[in-house]
Each structure stands twice: as C-alpha cells, then as structure tokens.
Amino acid sequence: MTRTAPARSSAKRPRPVFAARPLDPESRIGPSAAQKIADLAARLDGGLPTMFEFAQDQAAVQTYEATGITFKPKFLEFLNEVERRRKATRGSEQGRVPTTMLRLLLGTRVPDILRVETNLWKLTRARLPLLISSASPQEAGRAARQALATWVNHITDLEDDTRHRLLDWVREGPFDFAHITFDPKRPGEVVSHRDLADLAAQALDGVELFPGRGPMRRVVSRDTSTNSAELMTDPFVAGSKAGALPTSYVVKFRTKTVAGQRMPRLVMELSRRQWTDNANTYHGKVTLYAMPARTGQQPNPGVITLQIDWKQHLNGIPGLDYVGLRQRYTTLPEHPLEERRVAPALLIHAECQVLAVARQGRGVKGGATGALDVDRFLAFGIAAAELDPYGLRPMTGLTRIEGLGAKQAQTPVEDFQALFAEPQPTQKQIDAGTAAKYVADKLKAARDWANVERRRMQQHYVQPYRLLLLHAAGHDASAVRAAEILVKALGEDVVITRQAMPEQTYGSVSSLPGPGDRPAERAARRLERWTSFLRELQGPFDGVMLIVPRGEGDDVNDPVNKRASKVAILKNLKVHAQYLRPIQEDKDDKDFIRRTIRAFQDLVWESLGILVPVNDDSGELSAGTPAMRGRILALTVATVNSRRGQGNEPTTVPMGLRVDLDSQQTEANLLLPSGATGWVSLREATFQLQGSTSKLNPRERGDRQKVQTFFNALLDEADTGKSDGLAEIVFIDGDTVSAFWPGLYDKYIEFDDLRFEPRESPSRLQKSWPNLTLLRLRTLDPFAKVLRQGEQEVEVAGVRFPTPRWTESETYLIGEAEGLENPVGATFLSIGATNLQPTRGMSGSLKTIKIGRGDTRRELAPHTDGYATPEALEVAVISAGGLSLRGIVDITSKLRRRYAHYDGWTKFPAPLFFGHLIKDYIPDYSSDDDEEVLDLGSD
C-alpha cells in the first residue's frame, strides 16, 4: 500500500498520511466482459438503465446459498430479561445490553459474513436472523459462539450468576441454523428481495469492476432484512493533485419494484466515498469504516462500520464498538480519536485501516462524490458478465417518449447581471458588427427582468417589501453590498433595515454554549438568544435575510443554528428567513450579485409558492389559452424527529398543497391535532405549525384512518370543485403517503380498484373521483440511472466504446410503447437536469483516451471533483381523468421548473415541491443538512 497526504485543513496541523491502493497499470478487461460492454454500447442510443431483471430462460441458472443464524427463543427471552433487570436499576439508556460490541465481534470473526443484526427488539419481535454468512453452518456457528463468549465476558457490571448462565447457553448452543437458498427461477417470496441483493453482491465480491483498482469487497450490512447490499474498492488516490484525499468507489445493489409489475428488478447504484481523518460530528456519533487487511487466509474480508459516541470520547471512553474491534485487532491504538481527528495510526494500520467519511461542507471543501459515466458503464458491463450465470440480464423495455423533454440550458439565465456591469460582447460579435445590438438586447433584458420583479412585488405585497438584513459579526461589508445590490435592482420597491445578528446564534459547536449538549438542547439555547433580541426590534417586516459564513473544517457552523434561527424568527416576527453566505474572496462580484438576488427571490417568492405562467404544449390543459389552466393538488406527509436520542418531539404533519394555475399562488391545508387548518397561505401554515403538532404512527389503524379521512376530504373537494374543460391533477407523494395509505404500495395497488387499505371492503375510492388525474410520485426508491450515447468514443483498459453520457431533460416509459395509448397503469420517468455541474469528466478512477474526429486521441486525467447527474422522478398513473399520457408528462415536466424564485429543475413538481418549506419550520434537529429539494443527483 502506498501513502498519500491530503490538503491541509483550515486548522494548523500536520498533514495526515493515509494508506491507499496503487493503480495496477497492467489491468485489462476480460473477453466476456468486453463482449458484454460492446453489446450494451449498442443500446446506448435508446437509453440504457443500469438495472438487472430476470431473463426469460432460467433453465440453467445458478442458485444462491447462505447460512442464517438465529438466537434460540429461550436464549433471546433470557437476554431480554437481563436487559429488563438492568434497566430497572440503571435506567433505560445505561441499562441497555451493549449489543453494538457483539456486532463488531461477529463482523470481524465470522468468516464470509454478509449481514449482522444485534438490535434485541428486531431479533425478538421480527425474529430476524442474528447474522447471515456464506460460510458453512459449522464454520459460521463455531466463530459466532466464540464471539458471543468474548462479548459475555466483556459486559461490565454484569452479575456473576447472570454471566455464568449466559456462558452456559453459549456452551450448550444458543443458535438455530437456517439454510438460505435463493432460486432465480422462483423469486416471488418477500424475503427473496434481500437474497437477490446478496446474490449479486456475492457474485461480485472479489471481482474488479473498476480496472486497476483491485477487487471489490463486501460492506457488512447492519441489517439482516434490508433489500440492499453494498461493495466498495480499497481506498485509492486518482490523479496527481498534491494532497488529494483517498477515495473508494461504492457499488450498491438494491431491489426495485414498479406499480403493476410484481417481479422485482435489481438496481446497480454507483457513488464515490471520500475518506478523511476529520471526525467532526454534531449529533453525538462519529461513523468510521474498518477495513481489515487482505491476507492469504482472508483475501477479501468485509468492511465493518462502527460508531464512536462523542460524549464518551470526551470522557476518555473509546466506546464498545471500538472495544469490539480491538478484541480482534489487538495492535490498534487504545483510543480511536485524538481531539477531533481519527488517530493517525489507524489511517495506515497494517492489520485494519480505519477511516472517516468526508462529509461535504463538514470539514471538506469540494471532493470526489458521484459516479462518472464511463465508470458507471464499465462497471455495469463487467457486472453483467458476472451475473449472467445467475439468470440476471440488463433490463430492457424502456421507451423514450419522443418530442418531450428538450434539453435545458446548463446555466440559469441571469439577465439581472447587466444592471451592475455593462455586457461585454465577444470579439466575434465586434468583428461582425453586432456588438451594439448585443449590448442593447442585454440591457433591455435586464430592465425587463427588474420590471417583472417589481410588478410582481407590487401585486403580492402592496407596500414596498420590508427586509430585515442581519449579518454575523465581521461581515457588515457583505451586508452593505447586499443592500446596494437589492436597491439597485428593485429601487423603491424594497426597504432595508440592516443590523448585526445577536451573539451566540451562529458559529461552530465548540465556540457556542453547550458543546456537549444534544442537538435539541443546543437549539433551545439559540432560540432563547434569538427571542430576547427579536422582541426589541421595531417592525413590521416581510422577511429576514441572514448573512452567515458556513465555515470550514473545525469552524463549520453548528447545523442546528440554521433551523433554530428560522423557527425563532417565524415565532417572533411571523415571517420567513433566508440565509446568504458572505462575499467570498476567491470569487468575483458577479458571484455575490447572483447569490444575493437568488436568496432574495427565495425569500420573497418561495414563501408564497409563486409560479410563473406555464405554457401548454399538449393542448389539453389550457382551455383555448396559451397558458395552462386548472388546479393542481398535492398530498404529502412531513415526518421529522423520528430518530431516538435527539431530544426532539416526534412530529407528523399530513398536508395538502394546492396551486391555482390562473393565480400561480400556492396554498396549504395541514392536519394538526386541533383539526385541519383549511386552505391558508404557506406563511400562515408554517406559523400555525408552531407548538401544534403531534406524532402519528402509520402502524396504528386509528392514526392511518385520521390521515385517510383528511386526504379523502381533500380529494372529494377537488373532484366536486373541478371546472368543465379544466384539469384537476393530484400529485400523491408515494414516498411519505404510502405508509398511511397502504393501498398505494406496489404490492397492493390496483389501478381499476384503488383502496386505502389492501383488501378492505367495500372499496370507497377511485369511483368517487372520476374527474381527477391521480398520479403517484416517488424519488426515495429511485429508478436506475439511464445512460445515453455521446458524440465520440473512448478507450479504457484496452476496450473501445461509444462515450456514455448522463440522461437529462428526458422522459421514459417503463414498458413498451402501447402505454402511450392507455395511460392508466403506466409508469414513466421524468428526468430533469442539473444546472450546478461546473465541469464534466469521463472517469473518476483512471485515465481515459478520448477519440475524436479522424481517430485523434487525447488522454484525460481522472476527474476528482464532485459529479452530479439528475435523478429520475417516478410517476405512476392511477387515474387519467381524461388526459393522455403526453398531457400528463407535459404538465409534470413543466411544473418541475416554472418557479418565480428558481429557473432550474426541482426534485418534485409544484405544488408538491413547496412541502419542503413547511418541513423547514418544524423544529427538527436530527439531521445536519437541510433536505435537498433541487435536482442535483445523488450518485
């Protein structure tokens, strides 16, 4: 293993040294894989999804086999009794049986382990396996008993009698064994989704999917029931940039179903995971990855994840996860962290390297994330060759809907820039004599933009917009410049009050009071400071803009600050707030102009849910006018604070969102403990949320019925209020609503007989809403990435093929073209575009040869920066409401990119997109980043 040092962080410290796998320059792609790559290259023109399905001919496929080990019920009963007694004397937290240590012991000692689950509740209630291994029952059982005995002997504060009884169980045999088989010829059982993912991961364990980067190794899953499995490469450094952080390519297999199609498919997801020694954390846990060294006895050991409790670390306690790891690798240092960094010895440890994941914006600027298209295509082709013997084939049956989804501009239009600096024509325009016209057109476009913004503000705010502009200490120059920009652009239609922010409402965790507190406790401190400050202000205001630095490295802004500030401002001033980063020294004035204008537009227009007129290309939604008309209803459920131990109140808010395409303004109707709010503005909805929420459990029939009754009333209202000749379209957020409306799940949905509850009688839906177009939308269970053919060719590891490229601004029907004629039951993919991708590359792991015209060849270095490609929005048509599939596709696409505050694509179409605004004002401090609602892509 070679060593590499990363760039220095913002803190003054020596560069850490990492062990990294060198590139094998002699690596080549095998003949069968090369042939498969050639076959797949021929399909790029029509769209190639990186997904597998079962082949029709399953006569000679291989089966998958594994060993499942489960605790015997009597042993589990005794273990639960031990925990109950401990909790009675020590409290609910201190009395827990420390099963995390057992997970590490099993993960490092059981050979060929695939999964391990040590959550006592799941093991008892769901009867899940303790572990799954591809080793024989004898090998796996023997190692598991040894790990269990070690664990029992290391449980502290355990009575001697209890310890002896547990050890007696270990000697007598605490396990039941199951022979797990998965036959691709019979993939219908529910449990087979897990086994299908394991089949693929096991088939590729030890296979080199990325030429020259070595064999893949399994990441041991912490769950024995999930439908996904993950592999990764050893850490490597791509390119020659000095101080680059090491990276691993990650391949995740995940089963996927589609409405109306029972047979599962297998998605192959790719991403890059960048490593660091930076162990900054804000939620009490640091997640580390342990990578045991490859040996002759274990050439491909699995990767184990472990967590370090930050409070324990501050008190000198390494944590039971790490203690369990040290039981296997005794030469590891006593403590995993030194200050806020992974111990240097762990970064290069010969027996077991331990690294932290570099979280973008949390101590690392930029970085290698996202999979590049050449890597995605090559890995998919090599995997296809390996999975062929198991009856898995690259998916077919994806139909591009022609004539829709024309490619959008990569860069958002910024007509306003000409208000601040005269446009500069190109030399070509000067030579052609068109420079003057170019400048005049740009200046006119800028004036037109300003006039539209000002007229819209006059329409919706009546008086000049009253902005409270607050700034962190030391950033008054940015506040002055931001005020100048807004006044220059909007004149007398904006009135600005500028002031410094209160102390102790921004800054890093360590610089603010309560650095060891839980997130909710830290947020309460910020709210207290804000409240005393805001009570003294002389308003009223229409919105608040806060200029606060994000920070880098150890000085990054505490993630709870942002939401706590927004909640405090809403409670005290009854207006929304928007953050703006200060002027960046390495950027020009155009950058700050752009960000100031965009932040102001977010504040002014998103809080009202304003759209711009939507043109009707289909001719089905305009009633004879150029713009679309009608109303769009969206149903969604916001659930936050669901994770235990954060100190927050769990909150569930079912909601309807409605936009009238004539007025282009969005309203919300929330279901709160006191009942439905009725249709109110987005701002009023967020205000009514404060102090008036509760938790609804989708597992409880009574709670499901509350939500179903609420949604039923909204749908009845939409159906009876529909105007002749105008559309009434309903977007149902399948990701959040299905838990409360189980009839929407793939395994239950019936397009001709939709029900709230599966098999409920009598059916009370669908036939009651004959006028509605019902669409179920999903993004959390995403469809595979779709690759298209580029204009040139590349050569990698001796194989030449057409350049694959990401798909954007396209729509695909899942199935054959006859779905275009009958939209009910059809599922299509709406793929947007990302306009925040500054550069493009070919491969993130190795050099590529780009072949141009005349067979010219140019070597391209690996792309080591971030790389985002759009995710697909999956849309299932439950009821067409008289619209054709093309009409449905047209409005879905348009409503993802017709906003007054943003001219790019969003994750969901309006009005469903505005659900994130409601969620932003629920006091949730369980995640350290706001939910991403723009279409940036995730892998």
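For clarity, every value in this text was computed on a predicted model and none was experimentally measured.

S.K.: Give me the side chain of Thr-779: which residues, what numbers.
M.R.: Along the polypeptide, Thr-779 turns up in the loop between strand 30 (773–778) and strand 31 (786–796). Note on Thr-779: relative accessible area 13%, which makes it buried. Among all residues touching Thr-779, those that are not within four sequence positions of it are Asp-735, Leu-873, Lys-907 and Phe-908.

S.K.: I'd love a proper account of the sheet that holds strand 6 (residues 113–116), names of residues and values included.
M.R.: Spatial ordering of the open sheet is given by 6-7-5-8, a layout of four strands whose pairing is antiparallel. Pairing within the sheet leaves two strands with one partner each, and these edge strands are strand 6 and strand 8 (175–182). Across the sheet, the mean angle separating the axes of adjacent strands is 20° when strand polarity is ignored. Running over the sheet, helix 3 (residues 99–109) touches strand 5 (64–71), strand 6 and strand 7 (131–133) and is turned about 170° from strand 6. Along the sheet, helix 5 (residues 137–154) contacts strand 5, strand 7 and strand 8; its crossing angle with strand 8, the most-contacted strand, is approximately 140°.

S.K.: Provide a residue-level description of the packing of aromatic side chains, including the pertinent values.
M.R.: Each aromatic ring pair is specified by the distance between its two centres and by the angle formed by the two planes. Here the structure, examined in full by the defined rule, presents 18 aromatic pairs. Ring geometry for Phe-75 against Trp-169: centres 5.6 Å apart, planes inclined by 65°, an arrangement best described as edge-to-face. Taken as a pair, Phe-75 in helix 2 (residues 73–90) and Trp-169 in helix 6 (residues 160–172) lie far apart in primary sequence, 94 residues in all. Residue Phe-75 is classed as buried on the basis of its relative accessible area of 0%. Ring geometry for Phe-210 versus Tyr-249: centroids 4.3 Å apart, planes at 5°, classification stacked. Placement of the pair is Phe-210 in the loop between helix 7 (192–204) and strand 9 (217–219) and Tyr-249 in strand 11 (residues 247–258), with a sequence separation of 39 residues. An aromatic cluster is built from Phe-71, Phe-75, Trp-169, Phe-175 and Phe-177, whose rings are joined through pairwise contacts. Stacked on the ring of Trp-605, the Lys or Arg Arg-456 has its end atom at 5.4 Å from the ring centre.

S.K.: Can you lay out the environment of Gly-743 for me, pointing to particular residues and giving the numbers?
M.R.: Structurally, the position occupied by Gly-743 is in the loop between helix 20 (734–737) and strand 30. Sequence separation between Gly-743 and Glu-760 is 17 residues; the distance between their C-alpha atoms is 9.4 Å. Those residues in contact with Gly-743 that sit more than four places away from it in its chain are Tyr-748, Ile-749, Leu-754, Arg-755, Phe-756 and Pro-758.

S.K.: Lay out the environment of Lys-574 with the relevant residues and their values.
M.R.: Summarising the element assignment, Lys-574 is placed in the loop between helix 16 (560–573) and strand 23 (577–580). Lys-574 has contacts with Ile-569, Arg-683 and Phe-687, leaving out every residue within four places of it along the chain.

S.K.: Hey, could you go over the pattern of salt bridges for me, with residue numbers and the actual values?
M.R.: As enumerated under the stated definition, the model contains 57 salt bridges in all. One salt bridge connects Asp-781 with Arg-254, and the closest N-O pair in it is separated by 2.6 Å. One end of the pair, Asp-781, is in the loop between strand 30 and strand 31; the other, Arg-254, is in strand 11, and 527 residues separate them in sequence. Given the relative accessible area of 7%, Arg-254 is considered buried. The salt bridge partner of Arg-800 is Glu-793, with a shortest N-O separation of 2.7 Å. Under the relative-accessibility criterion, Arg-800 is labelled partly exposed at 40%. Owing to a relative accessible area of 30%, Glu-793 belongs among the partly exposed residues under this scheme. Each of Arg-254, Lys-256, Glu-269, Asp-746, Arg-776, Arg-778, Asp-781 and Glu-874 takes part in a single network of salt bridges with overlapping partners.

S.K.: Would you mind going over a negative patch on the surface in detail, with residue names and values included?
M.R.: Taken together, the side chains of Asp-157, Glu-159, Asp-160 and Asp-161 make up a negatively charged region of the molecular surface. With respect to the helices and strands, Asp-160 occurs in helix 6. Residue classification places Asp-160 among the exposed residues on the basis of a relative accessible area of 57%.

S.K.: Lay out the packing of helix 3 against helix 5 in plain terms, naming residues and giving numbers.
M.R.: To characterise two packed helices, one gives the angle between the axes of the helices and the distance between these axes. Interaxial distance between helix 3 and helix 5 falls to 9 Å at its minimum, and their mutual angle equals 150°. Pair helix 3 / helix 5 crosses with right-handed handedness. Contact residues: Thr-99, Met-101, Leu-102, Leu-105, Leu-106 and Arg-109 in helix 3; Ala-143, Ala-144, Gln-146, Ala-147, Leu-148, Thr-150, Trp-151 and His-154 in helix 5.

S.K.: Which residues make up helix 5, and what values do they have?
M.R.: Taking 1.5 Å of rise per residue, the 18 residues of helix 5 would be expected to cover 26 Å, and the 25 Å separating its terminal C-alpha atoms lies within 8% of that figure. Every buried residue of helix 5 is accounted for by Ala-140, Gly-141, Ala-143, Ala-144, Ala-147, Leu-148, Thr-150, Trp-151 and Val-152.

S.K.: An account of the nonpolar core is requested, with residue identities and associated values reported.
M.R.: Formed by 65 residues in total, the largest nonpolar core has its most connected members in Phe-71, Leu-106, Leu-131, Trp-151 and Leu-325. Looking at this core element by element, the count peaks at seven residues for helix 5. Ignoring any residue separated from it by four or fewer positions in sequence, one finds Leu-106 in contact with Ile-113, Val-116, Thr-118, Leu-130, Leu-131, Ala-144 and Ala-147. Core analysis: the next-biggest nonpolar cluster, separate from the first, contains 61 residues, Phe-210, Leu-392, Val-794 and Val-796 among them.

S.K.: Give me the lowdown on the pairing of strand 33 (residues 810–814), citing residues and values where you can.
M.R.: Most of strand 33 sits inside the fold, with five of its five residues counted as buried. Residues of strand 33 alternate between two faces, with Glu-810, Tyr-812 and Ile-814 on one and Thr-811 and Leu-813 on the opposite face, all of them buried. The sheet contact formed by strand 33 and strand 34 (residues 827–831) spans four bridges and is antiparallel. When the sheet's bridge partners are listed, Leu-813 is paired in strand 34 with Phe-828.

S.K.: How would you summarise the sheet that holds strand 23 if you had to cite specific residues and measurements?
M.R.: Pairing in this open sheet of four strands is parallel, and the strands run 21-20-22-23 from one edge to the other. In this open sheet, the two edge strands, each paired with only one partner strand, are strand 21 (494–500) and strand 23. Averaged over neighbouring strand pairs, the angle between their axes works out to 25° when direction is ignored. Inspection of the sheet shows strand 20 (residues 465–471) paired to strand 21 by seven bridges, in the parallel sense. For His-471, the partnering residue across the bridge sits in strand 21 and is Ala-500. On top of the sheet, helix 14 (residues 476–490) reaches strand 20, strand 21, strand 22 (543–547) and strand 23; it is set at about 180° to strand 21, its chief contact.

S.K.: Describe empty space enclosed by the protein, naming the residues involved and giving the relevant values.
M.R.: Under the defined criterion, the tally for this structure stands at two cavities of 30 Å³ or more. Along the wall of the largest cavity there are 14 residues; nearest its centre are Lys-785, Val-786, Thr-807, Thr-869 and Pro-870. Those elements giving two or more residues to the lining of the largest cavity turn out to be helix 11 (373–387) and strand 31. Class assignment of the residues belonging to the lining of the largest cavity gives a composition of eight nonpolar, two polar and four charged. In this model, the second largest cavity occupies a volume close to 40 Å³. Lining the second largest cavity are Arg-631, Leu-633, Arg-658, Trp-679, Leu-714, Glu-717, Ala-718 and Glu-728. Counting only elements with at least two residues in the lining of the second largest cavity, the list comes to strand 24 (630–640) and helix 19 (701–720). Residue composition of the lining of the second largest cavity, by class: four nonpolar, no polar and four charged.

The rules behind the values
Residues numbered from 1 in each chain as written. Predicted model: local features only at pLDDT ≥ 70, side-chain atom pairs only at ≥ 80, totals over all residues. Heavy atoms only, no water. Helix = DSSP H or I, 4+ residues; strand = E, 2+ residues; numbered from the N terminus. Buried < 20%, exposed > 50% of the residue type's maximum accessible area, 1.4 Å probe, protein only. Contact = heavy atoms within 4.5 Å. Pairing = 2+ DSSP bridges. Axes fitted to C-alpha atoms, helices over the stretch in contact; angles between N-to-C directions. Phe/Tyr/Trp six-rings, centres within 6.5 Å; stacked < 30°, edge-to-face > 60°. Lys NZ or Arg CZ within 6 Å of the ring centre and 35° of its normal. Salt bridge = Lys/Arg side-chain N within 4 Å of Asp/Glu carboxyl O. Patch = residues over 30% accessible without salt bridge, like charges linked within 9 Å, V, L, I, M, F, W, Y side chains within 5 Å. Areas by Shrake-Rupley, 256 points an atom, 1.4 Å probe, with all protein chains shown as cover. Lys, Arg positive; Asp, Glu negative; His and termini not counted. Charge placed at Lys NZ, Arg CZ, Asp CG, Glu CD. Left-handed = near helix turned anticlockwise from the far one by under 90°. Expected span 1.5 Å × (residues − 1). Core = buried A, V, L, I, M, F, W, Y, C linked by side-chain atoms within 4.5 Å. 1 Å grid on protein atoms, 1.4 Å probe; cavity = no way out; pocket = protein on both sides within 12 Å on 5 of 7 lines; lining within 4 Å. Points joined across faces, edges and corners; volume = space filled by probe spheres on them. Nonpolar A, V, L, I, M, F, W, Y, C, P; charged D, E, K, R; others polar.

From the geometry alone we can't say anything about function, so treat these as descriptive.
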